[in-house]
Amino acid sequence: MNTVTIAPIRAFKDNYIWCLRRGRSAVVVDPGDAGPVLDYLGAEGLQLEAVLATHHHADHVGGIPKLLAKYNVPVFGPKRENIPGITRKLAQDDEIDVPGMDLRLRVIDIPGHTAGHIAFFGEGLLFCGDTLFSCGCGRLFEGTPAQMHASLSSLAALPGETLVYCGHEYTLSNLRFAAAADAANPAIALRAAAARAALDRGNPTLPSTLRDECASNPFLRTHDPALIESASRFAGRSLTDPVQVFAALRQCKDGF
Ligand SMILES: [Zn+2]
């Protein structure tokens, strides 16, 4: 049994920097801001051992130079993107032994939000940056709907009990769109109640599980008749292809 625990470090308005902890060792995922990470490490008496980065956006990697100024640690990130301080460039199926964690993670290429976006998966944990969100998905800044649909499908194929650690607290607003697009799905109201309860207690709504995402996330349900109907209504024509359904849902949500 692995003894890694995972804590959220909040940054900016709604970012989560996930901190993997084992003993006195810590590894952070997507440190967009160094300040809250340094505060957390100091308060908890932890030593930073490595940084993992999923994609190049500043709110995910902006804190890396300042962390490296204090800690000389390896930085694992996507091969196809420009990440400050990167020491290990990764792509599909590469495996890493996460320093200090006794944890092996495998890399999955998930382009769409950005062109080189990667996820880290292993031991039931998924760090997926801004690609899969709880009940939503990232915007298509650098990729096509076909790429994003394929990326989300590869994540959805992972085991149902996988814990989903994404980069932002967007769950409640995502659920409002899900409720509109998939109105008869009872899983959405249950998840909204759970999310509200967590937020009321000051807790993250994350991690979610892939099983819950597959049951309620509209962007993973492009094969479902209710979502096909919603997407077709938005597009003003009958859609059948899952990529077209995905594209229409994503476009609809952009204006929601
Ligand atoms: Zn991003």
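Above this text is the structure in question.
Described below are features of the structure shown in this document.

What counts, and at which threshold
Residues numbered from 1 in each chain as written. Predicted model: local features only at pLDDT ≥ 70, side-chain atom pairs only at ≥ 80, totals over all residues. Heavy atoms only, no water. 1 Å grid on protein atoms, 1.4 Å probe; cavity = no way out; pocket = protein on both sides within 12 Å on 5 of 7 lines; lining within 4 Å. Points joined across faces, edges and corners; volume = space filled by probe spheres on them. Helix = DSSP H or I, 4+ residues; strand = E, 2+ residues; numbered from the N terminus. Nonpolar A, V, L, I, M, F, W, Y, C, P; charged D, E, K, R; others polar. Buried < 20%, exposed > 50% of the residue type's maximum accessible area, 1.4 Å probe, protein only. Polar contact = N/O pair within 3.5 Å; in protein donor to acceptor, adjacent residues only side chain to side chain. Contact = heavy atoms within 4.5 Å. Donors = N, O, S within 2.8 Å, 3.2 Å for Na, K, Ca; no water. Tetrahedral: all angles 85-135°; square planar, octahedral: opposite > 155°, others 65-115°.

### Description of the layout of surface pockets
So, step 1. Approximately 340 Å³ is the volume found for the largest pocket.
So, step 2. Lining the largest pocket are 19 residues, and of these R139, Y170, N174, R250 and K253 lie nearest its centre.
So, step 3. Secondary structure elements with two or more residues in the lining of the largest pocket: α5 (171-181) and α9 (242-254).
So, step 4. A per-element tally of the lining of the largest pocket places α5 first, with four residues.
So, step 5. Of the residues belonging to the lining of the largest pocket, the class tally is six nonpolar, six polar and seven charged.

### What about the side chain of H117?
So, step 1. Checked against the element boundaries, H117 lands in the loop between β8 (103-109) and β9 (118-122).
So, step 2. A residue is classified by how much of its surface remains accessible, and H117, at 1% relative accessible area, is buried.
So, step 3. Side-chain polar atoms of H117 contact the side chain of H55, separated by 3.3 Å.
So, step 4. Not counting residues within four places of it along the chain, the set of residues in contact with H117 comprises T54, H55, E81, I108, D109, I110, P111, C128, G129, D130 and T131.

### What about the coordination of the zinc ion?
So, step 1. Bound to the zinc ion are the protein donor atoms H55 (NE2), H57 (ND1), H113 (NE2) and D130 (OD), situated 2.2 to 2.3 Å from the metal.
So, step 2. The site at the zinc ion holds four donor atoms, and with the angles between them running 90 to 164°, its shape is irregular.

### Quick notes on empty space enclosed by the protein
So, step 1. In this structure the tally under the stated criterion is one cavity of 30 Å³ or more.
So, step 2. As a volume, the largest cavity reaches approximately 40 Å³.
So, step 3. Y16, W18, V29, D30, F127, C128, G129, Y165, C166 and G167 together form the lining of the largest cavity.
So, step 4. When residues of the lining of the largest cavity are assigned to their parent elements, the largest contribution, three residues, is made by strand β10 (residues 125-129).
So, step 5. Residue composition of the lining of the largest cavity, grouped by class: seven nonpolar, two polar and one charged.

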